[in-house]
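Observations on chain architecture
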Amino acid sequence: MKTSITRRNFLKNSTAGLAVASTIKSSLFSSGSAEAQSTPQVFFTKDISTESLTQIYSKISSERTLSGKVAVKLHSGEPGGHHFPDLVLIKDLVQSLKGTIVECKTAYPGKRFDTASHKKAMEDHGFTGIAPVDIMDEGGSVSLPFAKGKNITGYKKR
């Protein structure tokens, strides 16, 4: 059974179109050639479905298989909003990877600014029902200095 949604509904309900692209470099994959370092490979599909997402991943994974824990970074959506990936679209891929959905709290005050509210949004939007969820900065934040920053010299969450 093919599970798909219309392009209009996908674009309406997500933060970005589904043009899955991957830059495959020797730092990610073990080819080590100079060509692999400078020539990205891009994978694209017009078919917005679970099957096409899985097919694209299988092309990428033919270069290297993932081992250990796999993080799936996505936008969990603002509470009460509709701009986050459709679970029907991502569930099979996330589960086939045995992935953990990862997110960070927002840098601005809002409904995903603290861990408890962000976890509640993840639950309300159904992400906790398809995979483990990890709010990566749950234990606090770190200062990020920008060594060559001209206008911004660093970031520290307040």
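Conventions used here
- Residues numbered from 1 in each chain as written.
- Predicted model: local features only at pLDDT ≥ 70, side-chain atom pairs only at ≥ 80, totals over all residues.
- Heavy atoms only, no water.
- Core = buried A, V, L, I, M, F, W, Y, C linked by side-chain atoms within 4.5 Å.
- Buried < 20%, exposed > 50% of the residue type's maximum accessible area, 1.4 Å probe, protein only.
- Helix = DSSP H or I, 4+ residues; strand = E, 2+ residues; numbered from the N terminus.
- Contact = heavy atoms within 4.5 Å.
- Arc of directions from axis to C-beta.
- Polar contact = N/O pair within 3.5 Å; in protein donor to acceptor, adjacent residues only side chain to side chain.
- pLDDT = per-residue confidence, 0-100.

Describing the nonpolar core
Residues Leu74, Ile90, Val94, Ile101 and Phe127 are the most contacted members of the largest nonpolar core, which totals 17 residues. No other element matches helix 4 (residues 87–96), which puts four residues into this core. Setting aside chain neighbours within four positions, we find isoleucine 101 in contact with Val72, Leu74, Val94, Met122, Phe127, Ile130, Ala131, Pro132, Val133 and Asp134.

Quick notes on helix 4
Residues of helix 4 that are buried include every one of Leu89, Ile90, Leu93 and Val94, and no others. For helix 4, the angular spread of buried residues about the axis comes to 100 degrees, placing them on one side. Its side-chain oxygen at 2.8 Å from the backbone nitrogen of valine 88, aspartate 86 defines the N-terminal cap of helix 4. Lysine 98, located one to two residues past helix 4, shows a positive phi value of around 55 degrees.

Concerning the confidence of the model for the protein chain
Of the residues in the protein chain, 72% reach a pLDDT of 70 or more, and the chain-wide mean stands at 74. Predicted confidence is poor over residues 10–36, with pLDDT under 50, and the contacts of this stretch with residues over four places away or in other chains come to 54 contacts.

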